[in-house]
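# A look at the structure
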Amino acid sequence: MSDVRVIYCDLPPRIHGLTVGCEEDGQMYYTIVLNSCLSFEMNRCTYFHEAAHIINGDFTHIYSVDELEELRHSA
């Protein structure tokens, strides 16, 4: 997997986490943001969900967030 860092941030409870990707000098870098208000287990599940987006190359496709989440949750 590409270079990934994880940070915790106070987010609204309905947002479990998110991932931000950026390219620099041809290398992709990702930051997975986990909700610091949620439990360890919920953050663990969210981390694996977000990591799957990176592994599946979701940042290289042009999908809306809703389309992408529907695609990943139906697989």
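This one's a predicted model, so the numbers in the text were calculated from it and none came from an experiment.

### Side note on the packing of aromatic side chains
Summed over the entire model, instances satisfying the criterion amount to one aromatic pair. Taking 5.5 Å as the distance between ring centres and 75° as the angle between the ring planes, the aromatic pair formed by Tyr-47 and Phe-48 counts as edge-to-face. A relative accessible area of 26% means that Tyr-47 is categorised as partly exposed. Under the relative-accessibility criterion, Phe-48 is labelled partly exposed at 47%.

### Details of unusual backbone geometry
Glycine aside, residues mostly have negative phi angles, and peptide bonds mostly take the trans form. If you check the backbone angles, Asp-25 has positive phi at about 55° while not being a glycine. Secondary-structure assignment places Asp-25 in the loop between β2 (17–24) and β3 (27–35). We classify Asp-25 as exposed; its relative accessible area is 78%.

### What to know about the pairing of β3
Note: strand β1 (residues 3–9) against β3, seven bridges, orientation parallel. Of the residues in β3, the one forming a bridge with Arg-5 is Thr-31. As defined by bridge partners, β2 adjoins β3 across eight bridges and the pair is classed as antiparallel. In the sheet register, Gly-21 faces β3, and the bridge partner there is Tyr-30. Counted between consecutive antiparallel strands, the loop separating β2 from β3 contains two residues, among which Asp-25 sits at a positive phi close to 55°.

### Let's talk about helix α1 (residues 40–55)
For an α-helix, the turn length of 3.6 residues means that residues three or four places apart are oriented alike. Over its 16 residues, α1 extends 22 Å from the first C-alpha to the last, a length consistent with the 22 Å expected when each residue adds 1.5 Å. Taken together, the buried positions of α1 are occupied by Asn-43, Thr-46, Glu-50, Ala-51, His-53 and Ile-54. Down the axis of α1, the smallest arc covering the buried residues is 145°, so these residues share one side. Gly-57 occupies a position one or two residues after α1 and carries a positive phi of about 70°.

### Looking at the pattern of salt bridges
Counted according to the given criterion, the structure contains one salt bridge. Residue Arg-44 is joined to Glu-41 by a salt bridge in which the shortest nitrogen-to-oxygen separation is 3.5 Å. Within this pair, Arg-44 and its partner Glu-41 are both found in helix α1, separated by three residues, close to a single helical turn.

Scoring rules and cut-offs
- Residues numbered from 1 in each chain as written.
- Predicted model: local features only at pLDDT ≥ 70, side-chain atom pairs only at ≥ 80, totals over all residues.
- Heavy atoms only, no water.
- Phe/Tyr/Trp six-rings, centres within 6.5 Å; stacked < 30°, edge-to-face > 60°.
- Buried < 20%, exposed > 50% of the residue type's maximum accessible area, 1.4 Å probe, protein only.
- Helix = DSSP H or I, 4+ residues; strand = E, 2+ residues; numbered from the N terminus.
- Pairing = 2+ DSSP bridges.
- Expected span 1.5 Å × (residues − 1).
- Arc of directions from axis to C-beta.
- Salt bridge = Lys/Arg side-chain N within 4 Å of Asp/Glu carboxyl O.

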